[in-house]
Amino acid sequence: MANSVYQVNKGINRPIEFRGLRAQYIGYLAAGLVFLLLLFAGLYLARVPLLLCLLVILLSGAALFTGVYHLNKTYGEHGLLKKFARRGIPRFVRLSTRSTFMLLTSASDNQHHLKQLTGKEDTNGSAN
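Reading the values: rules and limits
Residues numbered from 1 in each chain as written. Predicted model: local features only at pLDDT ≥ 70, side-chain atom pairs only at ≥ 80, totals over all residues. Heavy atoms only, no water. Helix = DSSP H or I, 4+ residues; strand = E, 2+ residues; numbered from the N terminus. Buried < 20%, exposed > 50% of the residue type's maximum accessible area, 1.4 Å probe, protein only. Contact = heavy atoms within 4.5 Å. Expected span 1.5 Å × (residues − 1). Arc of directions from axis to C-beta. Patch = residues over 30% accessible without salt bridge, like charges linked within 9 Å, V, L, I, M, F, W, Y side chains within 5 Å. Areas by Shrake-Rupley, 256 points an atom, 1.4 Å probe, with all protein chains shown as cover. Salt bridge = Lys/Arg side-chain N within 4 Å of Asp/Glu carboxyl O. Lys, Arg positive; Asp, Glu negative; His and termini not counted. Charge placed at Lys NZ, Arg CZ, Asp CG, Glu CD. Phe/Tyr/Trp six-rings, centres within 6.5 Å; stacked < 30°, edge-to-face > 60°. Core = buried A, V, L, I, M, F, W, Y, C linked by side-chain atoms within 4.5 Å.

### Topic: the overall build of the chain
- Secondary structure summary: the chain contains five helices and two strands in total.
- For the chain, the sequential pattern of α-helices and β-strands runs β-β-α-α-α-α-α.
- The burial tally for the chain puts 12% of its 128 residues in the buried class.
- Contacts spanning at least 24 positions in sequence make up 50% of the contacts within the chain whose residues lie at least 6 apart.

Right, here's the structure in full:
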């Protein structure tokens, strides 16, 4: 009993991988397949001929698989998320007044400037 053998899991902190797809691309593929299933049901209920339904779904499925595998290969595990995050960063910041930069001076200047703006003493009661 003391010599029992335990398996060591060496995949800790690794991203999930399924048939070459990593991380969020598995979710994208799953969401696309669910959408295709719902599309097939909608087309079938709309009385579109079955062969046309199958043709549309098979071509869309092939495009989905090739697209997701292409994104996986091109951007990797975190690259697509980084690309989307980069879109949220502005190219430049436009300011109409200098007051923002006036507050970036030394701490004593900041306290003096805040006293002038608010007309109040600082919280600890020390006056410069």
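The structure having been displayed, the exposition proceeds.
### Focus on helix H1 (residues 24–45)
- For H1, which comprises 22 residues, the first-to-last C-alpha distance of 32 Å matches the rise-based estimate of 32 Å (1.5 Å per residue) to within 8%.
- Residues of H1 that are buried: Gln24, Tyr25, Leu29, Gly32 and Leu36. Burial along H1 is one-sided: seen end-on, the buried residues are contained in an arc of 135°. Of the exposed residues in H1, the ones pointing more than 90 degrees away from its buried face are Leu37, Leu38 and Leu45.
- Against the buried residues of H1 lie strand E2 (21–22), helix H2 (50–75) and helix H3 (79–87).
- Two residues or fewer past H1, Arg47 is found with a positive phi of approximately 65°.

### Notes on a positive patch on the surface
- A contiguous patch of positive charge on the surface is contributed by Lys82, Lys83, Arg86 and Arg87.
- On the secondary structure map, Lys83 appears in helix H3.

### Description of the packing of aromatic side chains
- Under the counting rule described, the total for this entry stands at two aromatic pairs.
- Look at Phe40 and Tyr44: their rings are 6.2 Å apart centre to centre, the planes differ by 20°, and that puts the pair in the stacked class. One end of the pair, Phe40, and the other, Tyr44, are both in helix H1, four residues apart, so they sit about a helical turn from each other.

### As for the nonpolar core
- Of all hydrophobic cores here, the largest spans five residues; its members are Leu21, Tyr25, Leu29, Val68 and Leu80.
- Other than its neighbours up to four places away in sequence, Val68 contacts Leu21, Tyr25 and Leu29.

### Concerning H2
- In this model H2 runs 37 Å from its N-terminal to its C-terminal C-alpha over 26 residues, within 8% of the 38 Å that 1.5 Å per residue would give.
- What H2 keeps buried is the set Cys53, Ile57, Gly61, Val68 and Asn72.
- Elements that come into contact with the buried residues of H2 comprise E2 and H1.
- Just beyond H2, the residue with positive phi is Gly76, at close to 75°.

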